[in-house]
Amino acid sequence: MSGSLVQHALLLSVALFTLGALGVFMRRNVITIFMCIELMLNAVNLAFVAFSRSLGTFDGQVLVFFVMTVAAAEAAVGLAIVIALHRHRDTLDIDSFNLLKW
Amino acid sequence: MTASAVVFWVLTLIVLASAAVVVLSRSLINSAFALLATFSGVAGFYVLLGADFLAAVQFLVYVGGILILLVFGVMLTHRIQDLDLRAEARQLVPGLFVAAGVFILLAAVATRTPWAIGAGRLPSATTAEIGRAFLGKYLLPFEAASILLLVALIGAALIVRKREDA
């Protein structure tokens, strides 16, 4: 069971990552896109834990901690940026934030 | 079917269904609550794969921290009465094509690669080993991560503050 469990967990991780990517492609609300990025990070974490299980070492689990740290920092800074954007533009539609486009 | 296979498929159903709600729901609040189910399902997978401490941390950091922050973000940027927000989707067809391509590529890599199987086995309680790894082999990245958290904390407070001159 152990080998196929890891294989199945990898496939689930792929499916979860794809759903997150699909959300980033087609949603237009900044906060929804943010949630989809969290989905993708969770998918990567799942793959790390699956590999850690199949290799029998802790390194994958330690890496998950670092991913979680970055995700927490990203959540704090990202939501601060979202709130600042909303204060300036009164919308969260990502197509209206085009000041840096040329 | 063994018990762990049943748990696996139930968790898979929970994770994929709630992730689909996160991506497709028109209401931000529905998305946020579906994300709660997704995070919990992933924590269940950590338990199934033998990472007990990580499952607890997943609950603390994702459910207790990031999700609460997200809900605060929703509440601070929308008036409560228009909770049915315009969160419409555009570029549906090209997005579906690209996502399908990503899925096929990644699934092919995941199934066709002959992944190495290690000889070692994880002990049933992982907390002590992870603690030793953090204070030994991974000490420098550990300290760098703590500095990153401090910088993010100060930066977030700096970005959202009200300017006095504006």
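Next up on the list: the overall build of chain B. When its secondary structure is counted, chain B shows 6 helices and 0 strands. Going from N to C terminus, chain B has its helices and strands arranged as α-α-α-α-α-α. The globule rule puts the C-alpha radius of gyration for 166 residues at 15 Å, and the 21 Å found for chain B is more than 25% above it. Expressed along its principal axes, the backbone C-alpha trace of chain B runs to roughly 60 × 40 × 30 Å. Sorting the 166 residues of chain B into buried and exposed places 33% on the buried side. Considering only contacts in chain B between residues 6 or more positions apart, those separated by 24 or more positions represent 54%. Approximately 10100 Å² of chain B is accessible, and the part contributed by carbon and sulfur atoms is 73%.

Taken as a whole and assessed by the stated rule, the structure comprises 9 aromatic pairs over all chains. With 6.4 Å between their ring centres and 55° between their planes, phenylalanine 66 of chain A and tyrosine 138 of chain B make a pair best called tilted. In this pair, phenylalanine 66 of chain A sits in helix H3 (residues 59–89) while tyrosine 138 of chain B sits in the loop between helix H5 (127–135) and helix H6 (139–160), so the two residues belong to two different chains. Across this residue pair, the class does not change: phenylalanine 66 of chain A and tyrosine 138 of chain B are buried. Measuring from centroid to centroid gives 5.0 Å for phenylalanine 134 of chain B and phenylalanine 142 of chain B, while their planes differ by 40°, and the two rings are tilted. Exposure remark for phenylalanine 134 of chain B: the relative accessible area of 11% places this residue in the buried category. Here phenylalanine 142 of chain B falls in the partly exposed class, since its relative accessible area comes to 33%. Through a chain of ring-to-ring contacts, the aromatic side chains of Phe65 and Phe66 of chain A together with Phe53, Phe134, Tyr138 and Phe142 of chain B assemble into a single cluster.

Turning to the nonpolar core, a few remarks are in order. The biggest cluster of nonpolar side chains holds 60 residues, and the ones touching the most others in it are Ile31 and Met35 of chain A together with Leu35, Phe45, Tyr46, Leu54 and Leu70 of chain B. For this core, the elements supplying multiple residues, two or more each, are helix H1 (2–26), helix H2 (30–55) and H3 of chain A together with helix H1 (3–24), helix H2 (28–48), helix H3 (52–77) and H5 of chain B. Here this core spans two domains, and each of domain 1 (1–83) and domain 2 (124–166) of chain B adds at least three residues to it. In contact with isoleucine 31 of chain A, not counting residues within four places along its chain, are Val82 and Leu92 of chain A together with Leu28, Leu70, Gly73, Val74 and Thr77 of chain B.

What follows covers the pattern of salt bridges. Side chains bearing opposite charge may pair, as long as their charged atoms lie close to each other. Inspection of every chain in the model, using the stated rule, returns 2 salt bridges over all chains. A salt bridge links aspartate 59 of chain A to lysine 137 of chain B, with the shortest nitrogen-to-oxygen separation between them at 3.2 Å. Here aspartate 59 of chain A is found in helix H3, whereas its partner lysine 137 of chain B is found in the loop between H5 and H6 on a different chain. With a relative accessible area of 28%, aspartate 59 of chain A lands in the partly exposed category.

For any two helices packed against each other, the geometry comes down to the angle between their axes and how far apart the axes lie. Two elements in contact, H3 of chain A and H6 of chain B, have axes whose closest approach is 9 Å; the angle formed by their N-to-C orientations is 10°. In terms of axis orientation, H3 of chain A runs roughly parallel to H6 of chain B. Every residue of H6 of chain B that contacts H3 of chain A at Phe66, Thr69, Val70, Ala73, Ala76, Val77, Ala80, Ile81, Ile83, Ala84 and Arg87 of chain A is listed here: Pro141, Phe142, Ala145, Leu148, Leu149, Ala152, Ala156, Ile159 and Val160 of chain B.

A few words now on the interface of chain A and chain B. Interface size is often expressed as the accessible area that is lost when the parts come together. Taken together, the contacts link 69 residues of chain A with 84 residues of chain B. In this assembly, chain A packs against chain B so that about 6900 Å² is buried in total across both faces, 77% of it on carbon and sulfur atoms. In terms of surface lost to chain B, no three residues of chain A exceed Met26, Met35 and Phe58 of chain A, which account for 10% of the buried area on that side. In this assembly, chain A and chain B are joined by 1 salt bridge. Applying the counting rule to chain A against chain B returns 7 residue pairs in polar contact (both at pLDDT 80 or more).

Residue and element names in this part refer to chain B. In this structure, valine 21 sits in helix H1. The spacing of valine 21 and phenylalanine 33 is 12 residues in sequence and 9.3 Å in space, taken between C-alpha atoms. Excluding residues within four positions of it along the chain, valine 21 makes contact with Asn30, Ser31 and Ala34.

Scoring rules and cut-offs
- Residues numbered from 1 in each chain as written.
- Chains lettered and ligands numbered in written order.
- Predicted model: local features only at pLDDT ≥ 70, side-chain atom pairs only at ≥ 80, totals over all residues.
- Heavy atoms only, no water.
- Helix = DSSP H or I, 4+ residues; strand = E, 2+ residues; numbered from the N terminus.
- Rg over C-alpha atoms; globule rule 2.2 N^0.38 Å.
- Buried < 20%, exposed > 50% of the residue type's maximum accessible area, 1.4 Å probe, protein only.
- Contact = heavy atoms within 4.5 Å.
- Areas by Shrake-Rupley, 256 points an atom, 1.4 Å probe, with all protein chains shown as cover.
- Phe/Tyr/Trp six-rings, centres within 6.5 Å; stacked < 30°, edge-to-face > 60°.
- Core = buried A, V, L, I, M, F, W, Y, C linked by side-chain atoms within 4.5 Å.
- Domains from an automatic or database assignment.
- Salt bridge = Lys/Arg side-chain N within 4 Å of Asp/Glu carboxyl O.
- Axes fitted to C-alpha atoms, helices over the stretch in contact; angles between N-to-C directions.
- Parallel < 35°, antiparallel > 145°, perpendicular 65-115°, else oblique.
- Buried area = accessible area lost by both parts, 1.4 Å probe.
- Polar contact = N/O pair within 3.5 Å; in protein donor to acceptor, adjacent residues only side chain to side chain.

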